[in-house]
Amino acid sequence: MKITDIRFGMLRIPLKTPFKTALRTVDQVEDVIVMVHTDDGRIGYGGAPATAVITGDTHGSIIEAIRHYIAPKLIGLDIADLNRVTHGIQNALVRNTSAKAAVEIAVHDLWAQLYGAPLYRLLGGGDPVITTDITISVDDIDTMVAKSVSAVERGFASLKIKVGKDIGVDIERVRAIHAAVHSRALLRLDANQGWTAKQAVYALHVLEDAGVHLELVEQPVKARDLEGLRYVTERVHTPIMADESVFGPLEVLELIRMRAADIINIKLMKTGGLSNAIRIADIASLHGIECMMGCMLESSVSVAAAVHLAVAKADVITKVDLDVPSLCALDPVDGGIDFNEAKITIRDVPGLGIRAIHGLEPLDLKQGT
Ligand code: MG
């Protein structure tokens, strides 16, 4: 099964309600969909969103990186030589992690199709059912409480609450949500780099003293501020999770050496795909550190790969934040995964099981420009 061509499409999916964090507001998912074709007529699917403020990747940069740097390294390679293929992807150019992720997802889809098994089985197997949290966007307090109560009533047992705007209001947001749902749901906070280290310690001490038990707090400080992250981790009881601060395995090794965080959020768009995400899970496992499997605002094409990895590495990936298909107004993908609110189930079909993507806009007309 040799790679013959890589083609592109654009997929746009409206969200039920706008997604708001300390960094940005988004009202639709927009993914570059990557289709890797082979000489036996199969297609592997991958995808990536633009996350300019997190990874630096834009739709244009994703397409250019694949078309002019990654694709020329892959045409003619055999999917069975998966390590050679992923090595070619990772070494085609530096950074551009979302472009690499999109292609790695597609070639892993093909690799599992080649052996006729769902991807998670080839990654080590496991129980093909996982439970995700749901994101509560940063908003006024009453709206956040109402959305939290609604999510709990729909069966979500973990809420990921976006904060990081104004420290005083953030504390009130969390106290109000805690008062409304704490006996029925675990609370995770994501500050998206919105606090300073001292603000984070202050806020968490206030919450801890008030009896607000949080499962974890994600990325309280700026991505580059590993010292600040360590400062917070050393001073609070609440577990601290690194997200934007760590992309690949080398950064994870440095984070662990510094003891800068207690938990690592793995996202394929940061790691450059599955090969490095597997390395991170294995490094974390060796060090007794738990991981979350997360995603960007991306379609169920790429989230599918994250689901397969989370199942296969469930011993170390103990937390799942793959709620985007639940946040979308519709799922345009006829695929191998059933996203049903908190419960995500993988069907017993080869690869990622993607049969069709509805509403895909072709981008191949621009080829050669
Ligand atoms: Mg985050």
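Residues numbered from 1 in each chain as written. Predicted model: local features only at pLDDT ≥ 70, side-chain atom pairs only at ≥ 80, totals over all residues. Heavy atoms only, no water.

Let us now look at the side chain of T97. Note on placement: T97 falls in helix α3 (residues 97-114). Residue classification places T97 among the buried residues on the basis of a relative accessible area of 14%. Here the side chain of T97 touches M269 through a polar contact of 2.7 Å, landing on its backbone oxygen. (Helix = DSSP H or I, 4+ residues; strand = E, 2+ residues; numbered from the N terminus. Buried < 20%, exposed > 50% of the residue type's maximum accessible area, 1.4 Å probe, protein only. Polar contact = N/O pair within 3.5 Å; in protein donor to acceptor, adjacent residues only side chain to side chain.)

What follows deals with the coordination of the magnesium ion. Listed as protein donors to the magnesium ion are D190 (OD), E218 (OE) and D243 (OD); their distances from the metal cover 2.2 to 2.4 Å. Take D243: its relative accessible area is 2%, and that puts it in the buried class. (Donors = N, O, S within 2.8 Å, 3.2 Å for Na, K, Ca; no water.)

This next bit is on the environment of A157. In this structure, A157 sits in the loop between α5 (141-153) and β6 (158-162). Taking the relative accessible area as the measure of exposure, A157 reaches 41% and is therefore partly exposed. In contact with A157, not counting residues within four places along its chain, are R184, A185 and L186. (Contact = heavy atoms within 4.5 Å.)

In this section: the pattern of salt bridges. Overall, the coordinates contain 23 salt bridges when judged by the stated rule. Here D40 and R42 are joined by a salt bridge, their closest N and O atoms 3.1 Å apart. With relative accessibility at 42%, the residue D40 sits in the partly exposed group. A salt bridge links E227 to R230, with the shortest nitrogen-to-oxygen separation between them at 2.8 Å. With E227 and R230 both in helix α8 (residues 226-235) and three residues apart, the pair spans about one turn of that helix. Where salt bridges share partners, they join D133, R188, E215, E290 and K319 into one cluster. (Salt bridge = Lys/Arg side-chain N within 4 Å of Asp/Glu carboxyl O.)

Moving on, we get to the sheet that holds strand β2 (residues 25-38). With antiparallel pairing, four strands are arranged side by side in an open sheet as β3-β2-β1-β17. Of all the strands in the sheet, just β3 (43-49) and β17 (361-362) have a single pairing partner and so form its edges. Two elements, strand β1 (residues 3-20) and β2, share 13 bridges in a ladder whose sense is antiparallel. Paired with R12 across the strands is E30, a residue of β2. The strands that α3 touches are β1, β2 and β3; relative to β3, the one it contacts most, it runs at about 155 degrees. (Pairing = 2+ DSSP bridges. Axes fitted to C-alpha atoms, helices over the stretch in contact; angles between N-to-C directions.)

Turning next to the packing of aromatic side chains. In this description, a pair of aromatic rings is defined by centroid distance and the angle of the planes. Counted according to the given criterion, the structure contains one aromatic pair. Ring centres of W111 and Y115 lie 6.4 Å apart, and the angle between their planes is 85 degrees; this geometry places the pair in the edge-to-face category. Judged by its relative accessible area of 16%, W111 falls in the buried class. The ring centre of Y231 lies 3.6 Å from the NZ or CZ of R235, which sits over that ring. (Phe/Tyr/Trp six-rings, centres within 6.5 Å; stacked < 30°, edge-to-face > 60°. Lys NZ or Arg CZ within 6 Å of the ring centre and 35° of its normal.)

Turning to unusual backbone geometry, a few remarks are in order. The residue R95 is not glycine, and still its phi comes out positive at about 50 degrees. With respect to the helices, strands and loops of the structure, R95 is situated in the loop between α2 (82-90) and α3. Note on R95: relative accessible area 67%, which makes it exposed. One non-glycine residue, E341, adopts positive backbone phi at about 50 degrees.

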